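Understanding the architecture of this molecule
These are the residues of each chain, in order.
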Amino acid sequence: QKEVEQNSGPLSVPEGAIASLNCTYSDRGSQSFFWYRQYSGKSPELIMFIYSNGDKEDGRFTAQLNKASQYVSLLIRDSQPSDSATYLCAVEGASYDKVIFGPGTSLSVIP
Amino acid sequence: DAGVIQSPRHEVTEMGQEVTLRCKPISGHDYLFWYRQTMMRGLELLIYFNNNVPIDDSGMPEDRFSAKMPNASFSTLKIQPSEPRDSAVYFCASTLTQSNTEAFFGQGTRLTVV
């Protein structure tokens, strides 16, 4: 089993819709969880991080964490064409150092 | 701070040649990570350093790969000899010591081995 798994996509949503991106992880002791966005040909950049169970909102983005289910998600409300990118889920291990990335989900927002 | 700086941005080399990738982390960051990204395998962690000391190199694919961090402001990733399957984008990233910290990525080096 891979340490961090995501649906590879591509995920297509119409402009204005909610995009839902999912991630599961294998290390039950994982402490922190990150969502990065990567535009084609660019480096990853952090969107949000979450470390407590529940929801965390930042503008149009909401991260959801369920440690019991080892599941983390990212919701993007009112999706815009500029949100079209690959979204990488990243998990920080129990020892608070190594961060492992998932394979990424490609999102396409259709105008 | 100018962020994480990697060089070169692009490298094309012939199979069998030595390749050296360079990285300057953000000043004050204690952790430095080397990642490799391909379409097939995604973003893979190769090795990371804490305070210039290699902590985990289990992601280094073969003995042809080596990495050093001689001081807090410089790291290299070397491939010798290079092979076509090494073609990828190599990213360097740095973070602060504490948990819940953002990894800042360099712009990457696109390596093509022909």
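To be clear, the structure that these remarks concern was listed above.
The model shown is predicted, which means the values in this text are computed figures rather than measured ones.

1. Digging into the interface of chain A and chain B
At the junction of the two partners, chain A supplies 18 residues and chain B supplies 17 residues. Between chain A and chain B the total buried area reaches about 1600 Å² when both faces are included, carbon and sulfur atoms providing 54% of it. At the junction of chain A and chain B, the tally comes to zero salt bridges. Put simply, chain A and chain B have four residue pairs in polar contact (both at pLDDT 80 or more) between them. Only β4 (32-38), β5 (45-50), β9 (85-92) and β10 (99-101) of chain A provide two or more residues apiece to the side of chain A that touches chain B. Among the elements that make up the side of chain A that touches chain B, the one with the highest residue count is β4 of chain A (four residues). Residue composition of the side of chain A that touches chain B, grouped by class: 11 nonpolar, three polar and four charged.

2. Re the side chain of Asp86 of chain B
Residue and element names in this part refer to chain B. Along the chain, Asp86 falls in the loop between β8 (74-79) and β9 (88-95). Accessibility expressed as a relative area gives 2% for Asp86, which makes it buried. For Asp86, the contacting residues outside a window of four places in its chain are Arg36, Arg64, Phe65, Ile79, Pro81, Leu111 and Val113.

So, how was this worked out
- Residues numbered from 1 in each chain as written.
- Chains lettered and ligands numbered in written order.
- Predicted model: local features only at pLDDT ≥ 70, side-chain atom pairs only at ≥ 80, totals over all residues.
- Heavy atoms only, no water.
- Contact = heavy atoms within 4.5 Å.
- Buried area = accessible area lost by both parts, 1.4 Å probe.
- Salt bridge = Lys/Arg side-chain N within 4 Å of Asp/Glu carboxyl O.
- Polar contact = N/O pair within 3.5 Å; in protein donor to acceptor, adjacent residues only side chain to side chain.
- Helix = DSSP H or I, 4+ residues; strand = E, 2+ residues; numbered from the N terminus.
- Nonpolar A, V, L, I, M, F, W, Y, C, P; charged D, E, K, R; others polar.
- Buried < 20%, exposed > 50% of the residue type's maximum accessible area, 1.4 Å probe, protein only.

Structural measurements only, silent on function.
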